[in-house]
Amino acid sequence: GGAAASGAAAGFQPMTEEQRVADAARKAKKAEEARLAELARRKKRDEDEAKFVASEKARLEKEAAAARKAAEEEEKRRAKARAELAERAEIERVYLEEKRAKEEAERARREAEALAEQERKREQERLEMEARLAKQNAERERRGETTRRFEVSAFVSFAYRAARGDVEVEVRARAGISSPATESGVYASVAQARVAATAMCTSVARTAVASWASDQRLKLMTGDAGPNSPLRAADASEHAGGFDECEFEHWTRVGGARLDAELRALTQRAGAGVEFKMRAPGGGDANQSASSEAELVVERAALPLTDRDNVANRLYAAMLAAGDGAFGVASDDLEWVARFELGQLHGLDGGLCFPAVTQADLSDPDKRLKGGLLALMVTLSHWLARARLELLGSAGADPEASDADPGARKTYANCFALANRMLTTEANAEGASWKAMYLDGFSGDVLSQAASTARAVLSKRDPIRAMLEAAEEEQRRKLAGVPTTDEEAYPDREASRKARHKAERDAVPLAEKLWAMRNAAAQMAVSGSKGQARSMLEEAYQLRVEALAKQKAREEEENSTAFGATKTTVEKEKEKPGTVVVAPETLPELTALEDLFASEKAWSRELAGVRAQVLKAVRTAADRAASAGDNRRAAALLEGAAREYGGERKLGPEHPAARAAFAAAEKAWAAAEIDFDDEDAKDAALAEAAGTPVPRGQGGGIVLRLTKKYLEELEARRK
């Protein structure tokens, strides 16, 4: 250790002064060189930065100049585009203004031409109408047509008395200056008051017109009748105006019927007015009233007794034709008079020379007038009254007790038979026209309607009224199961008639018969006769069930004879106790009943029952498909029907029939080897059965398609 220390001490040589000065000089030189190098580096850096700044400045100035030039060019381009757009807009504006001016000028020209043409046509129509009216007036004057008229004022009022809570109604009418006819009453509600006021209209109208007629007869008896009197004296000339007693009495009936209809319309308007006021907020706490009034003119034309178109002459000619057995000729004259009376009932302008209603108008749906049956009723009543006057000596004579000669009685019997035939034909035509029934306020029984009208218009002893009431009684006895007059008097003839009717009915193919019954029931339901529609559809369903039972029995007999008894799945199911099988062939009638029941809230229980029967019919169809080996179709039928009828809009999922359908569908899917949760496979099967893609969760209209399928099969089987 000592040797090492001494070696280290011996190697250190301290610097001499010269060495230290030389070393300091060297360090100073080195530092100076470093400083000079740093200065040179900084100078070069500053020079480089100056060059860079200069180059950047030049670049930026160049870019700025380019940008300014580009901006100037863009501005020039935009200015040019704006100028072009402005020029184009100006051109378009000028063009549109010119076009608009031309269109306005053309429109003004067309409107002026149309207006001129309209004025020309109007003037032409006015001139033609004036010429036609002048020609008609000249013809009327040449033929001596005159008119008689009387004015009628009608008034109906309803008054609700809040303190008593009742409704007072008044119906009033006045013909001419005769004493007015008034009826009134107090009722518990507006509905009761309207019904009662409607019943009052007939008696008020009859009384008002009867008072006027009585005054006219009194004037004739006292000699106060003027030249315009509607009644013609017995010793008047054949060219004198007015009517004889028979036609005058008939005119009062027609005028009373027209006034009755007007009063009924006023009753509906006034009743609706007071009911509307009462139903307003707070309306039932205060007195309310409503009234309706009208003025009408009852007018009738007359021709001299020498003119063929005089109503009395037409009826007399019809009487002579009926006496000779020429019913066709007599019917033509009676129908001509009935059309004239139809115009009278509606208050149409026209007369005997130029009737307001022609034969063509009756077949034109746009000109059809209701009341044809009533017009024929009053015409036939007038005709028979005139026949009694001419043949039996008095309009009120009793044909049974008359001492007239046998030829006159035979002629009257022919007139009576023709009247019965024409009345029956018109009533049947009215009953066959469902649209006419609907327009006339048909309530389901045209015979009852006609008899009720006859009671309101005709007298008790009138033979036309007696005909209708007798027919109504016969119908009532048939519906009640009581033997009719013919059945009591002529049992053998009536039995043969019924047998012939049954044979004719059985000769009609079942498919056609059921199709007609379904269509007729649908029209009845639309017209408001839902009760009769239900009876007809239930009868159609029963006929279908009976026909299917007979067909099945016949097929079983043939199969047992030829091949032995082989029972199908459906037949085996039917043999199970408590099981009722509904044939799918009954689906057309079941769906028709379903639609009918759905339109009436009171038939909700029947609706549920029919829908359950529909599900049973679908199950039977599914069993048939499964028996044929098509389990996939069977499952689809059950699933679709269960979804449709098990929904909330129909039976609901909790209904026993719906639950049974869903359970049967689940079993059918298992039999078809399709997982119940495999919605894709189920949708494919449903689409195949429905013939169209079915949205998920819906039934696809399976029941409707089954119904159409069995309708086609039944029609093919019928052919």
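Just so you know, the residues in each chain are numbered from 1, in the order the chain's sequence is written. Given that this is a predicted model, residues contribute local features only at a pLDDT of at least 70 and side-chain atom pairs are listed and counted only at 80 or more, while totals for whole chains, interfaces and linings are drawn from all residues. Each side-chain value is worked out from all heavy atoms of the structure, with water and hydrogens disregarded.

(A) Up close: the overall build of the chain. Only runs of H or I of at least four residues qualify as helices and only runs of E of at least two qualify as strands under DSSP, and these elements are numbered from the N terminus. Of regular secondary structure, the chain possesses 23 helices and four strands. Summary of the burial criterion: residues with accessible area below 20% of their type's maximum are buried, those above 50% are exposed, and those between are partly exposed, where the area comes from a 1.4 Å probe applied to protein chains only. Classification of the 719 residues of the chain by burial places 35% in the buried group. In the chain, the share of contacts with a sequence separation of at least 24, taken over all contacts with a separation of at least 6, comes to 65%. In what follows, residue pairs with any heavy atoms lying within 4.5 Å of each other are defined as contacts.

(B) Up close: the environment of Ala265. Examined against the element boundaries, Ala265 turns out to sit in helix α4 (residues 245–279). On a C-alpha basis, the gap between Ala265 and Val156 in space is 9.6 Å, while along the polypeptide they are 109 residues apart.

(C) Just the pattern of salt bridges, in detail. Salt bridge, as used here, is a side-chain nitrogen of Lys or Arg placed within 4 Å of a carboxyl oxygen of Asp or Glu. Enumeration according to the criterion identifies 61 salt bridges in this entry. In this structure, Glu90 engages Arg93 in a salt bridge whose closest nitrogen and oxygen atoms are separated by 2.3 Å. Here Glu90 and its partner Arg93 are both found in helix α2 (residues 17–143), three residues apart, which amounts to about one turn of the helix. Overall, the relative accessible area of 38% leaves Glu90 in the partly exposed class. The partner of Asp244 in a salt bridge is Arg386, with the nearest N and O atoms 3.0 Å apart.

(D) Geometry of a negative patch on the surface. Among the surface-exposed residues, Glu666, Asp675, Asp677 and Asp678 lie close enough to one another that they form a single negatively charged patch. As for its position among the elements, Glu666 is in helix α21 (residues 656–671). A patch consists of residues exposed above 30% relative accessible area that lack any salt bridge, with like charges linked at up to 9 Å and nonpolar side chains (Val, Leu, Ile, Met, Phe, Trp, Tyr) linked at up to 5 Å. Note on areas: these come from Shrake-Rupley sampling with a 1.4 Å probe, and a residue is covered only by the protein chains present in the view. Here Asp and Glu are counted as negative and Lys and Arg as positive; His is not counted, and neither are the chain ends. Where a charge sits is defined by one atom per residue type, namely NZ (Lys), CZ (Arg), CG (Asp) or CD (Glu).

(E) The arrangement of helix α3 (residues 190–222) in detail. To estimate how far a helix should extend, the number of its residues minus one is multiplied by 1.5 Å. If you check α3, its first and last C-alpha atoms are 46 Å apart, about what 33 residues at 1.5 Å a residue would give, namely 48 Å. Note on bend: at a given residue it equals the angle between the axes fitted to the 7 residues ending there and to the 7 starting there. The largest bend in α3 comes to about 30°, at Met200. At the exit of α3 stands Gly223, carrying a positive phi of roughly 80°.

(F) Region of interest: the packing of aromatic side chains. Two rings belonging to Phe, Tyr or Trp (six-membered ring only in the last case) form a pair when the distance between their centres is within 6.5 Å. Interplanar angles under 30 degrees mark stacking, angles over 60 mark edge-to-face geometry, and anything in between is tilted. Tallying each qualifying case throughout the model produces seven aromatic pairs. Taking the centre distance of 5.3 Å and the plane angle of 65° together, the rings of Phe150 and Trp251 count as edge-to-face. Here Trp251 lies in helix α4 and Phe150 lies in strand β1 (residues 146–161), a separation of 101 residues in the sequence. When its relative accessible area of 4% is taken as the criterion, Phe150 is described as buried. Centre to centre, the rings of Phe248 and Trp251 are 6.4 Å apart; their planes meet at 75°, and the pair counts as edge-to-face. Here Phe248 and its partner Trp251 are both found in helix α4, three residues apart, which amounts to about one turn of the helix. Of the residues examined, Trp251 reaches a relative accessible area of 0% and is grouped as buried.

(G) Quick look at the pairing of strand β3 (residues 181–187). Alignment of strand β2 (residues 166–175) against β3, held across seven bridges, turns out to be antiparallel. Residue pairing in the sheet places Glu168 in a bridge with Val186 of β3. Hairpin connection from β2 to β3: five residues lie between these consecutive antiparallel strands, with Gly176 at a positive phi of about 60°. By definition, two strands form a pair when at least two bridges between them are found by DSSP.

(H) A look at the sheet that holds β3. Strand order in the open sheet formed by four strands is β3-β2-β1-β4, and the pairing between neighbours is antiparallel. The open sheet has two edge strands with one neighbour each: β3 and β4 (288–302). Along the sheet, successive strands turn relative to each other by an average axial angle of 10°, direction set aside. One ladder, built from 10 bridges, connects β1 with β2; its direction is antiparallel. Bridge assignment links Ser157 to a residue of β2, and that residue is Glu170. Axis geometry follows a simple rule: fit a line to the C-alpha atoms, using only the stretch in contact for helices, then measure angles between N-to-C directions, giving values from 0 to 180 degrees. Packed on one face of the sheet, α3 meets β1, β2 and β3 and runs near 20° to β2.

(I) Molecular detail of the packing of helix α6 (residues 327–346) against helix α8 (residues 372–392). Where α6 meets α8, the closest approach of the two axes is 8 Å, and the angle between their N-to-C directions is 120°. Between α6 and α8, the crossing angle belongs to the class labelled oblique. The element α6 and its partner α8 pack so that their crossing is right-handed. Mapping the contact onto sequence places Leu334, Val337, Ala338, Glu341, Leu342 and Leu345 in α6 and Gly372, Leu374, Ala375, Leu376, Val378, Thr379, Leu380 and Trp383 in α8. Convention used here: angles under 35 degrees read as roughly parallel, angles over 145 as roughly antiparallel, angles from 65 to 115 as roughly perpendicular, and any remaining angle as oblique. Rotating anticlockwise by less than a right angle from the far helix to the near helix defines a left-handed crossing, while the corresponding clockwise rotation defines a right-handed one.

(J) Geometry of the nonpolar core. Counting 52 residues, the largest nonpolar core has Leu380, Trp383, Ile464 and Leu468 as its most contacted members. Of the residues forming this core, the biggest block, 12 residues, is contributed by α8. What Ile464 contacts, discounting residues up to four positions off in sequence, is Met377, Leu380, Ser381, Leu384, Ala419, Leu423 and Leu458. The next biggest cluster of nonpolar side chains, apart from the first, holds 50 residues, and it includes Val610, Leu637, Leu638 and Ala665. As used here, the term nonpolar core means buried Ala, Val, Leu, Ile, Met, Phe, Trp, Tyr and Cys residues forming a set that is joined through side-chain atoms within 4.5 Å.

(K) View of the side chain of Gln288. Structurally, Gln288 can be placed in strand β4. Here Gln288 falls in the buried class, since its relative accessible area comes to 17%. Contacts described as polar in this section are N or O atom pairs within 3.5 Å, which, within protein, must combine one atom able to donate a hydrogen with one able to accept it, while residues neighboring in sequence count only if both atoms come from side chains. Within the structure, Gln288 has its side chain in polar contact with the backbone oxygen of Gly283 (distance 3.2 Å).

(L) Representation of the packing of helix α19 (residues 604–627) against α21 in the model. At a minimum axis separation of 9 Å, α19 and α21 run at an interaxial angle of 20°. Judged by the angle between their axes, α19 and α21 are roughly parallel. Remark: the crossing between α19 and α21 carries left-handed chirality. Contacts between α19 and α21 pair Ala612, Leu615 and Arg619 from the former with Ala657, Ala658, Ala660, Ala661 and Ala664 from the latter. Gly is placed with the polar residues, together with every amino acid not listed as nonpolar (Ala, Val, Leu, Ile, Met, Phe, Trp, Tyr, Cys and Pro) or charged (Asp, Glu, Lys and Arg). Of the residues assigned to the contact of α19 with α21, the class counts are seven nonpolar, no polar and one charged.

(M) Spotlight on the confidence of the model for the chain. As a per-residue measure, pLDDT reflects the predictor's confidence and takes values from 0 up to 100. Looking at the chain as a whole, the pLDDT averages 83, with 86% of positions reaching at least 70. Mean pLDDT in the chain bottoms out at helix α10 (residues 434–439), which sits at 40, and peaks at β2, which reaches 94. Low confidence marks residues 432–444, where pLDDT is under 50. Its contacts with residues over four positions away, or in another chain, come to 24 contacts. Of the regions scoring below 50 in pLDDT, residues 568–578 engages in 14 contacts with residues more than four places distant in sequence or in other chains.

(N) Examining the pairing of β1 more closely. Relative to β4, β1 is paired through 15 bridges, and the arrangement is antiparallel. Within β4, the residue paired with Ser157 across the bridge is Ser291. In this structure, the hairpin formed by β1 and β2 is closed by a connection of four residues, where Gly165 is found at a positive phi of approximately 75°.

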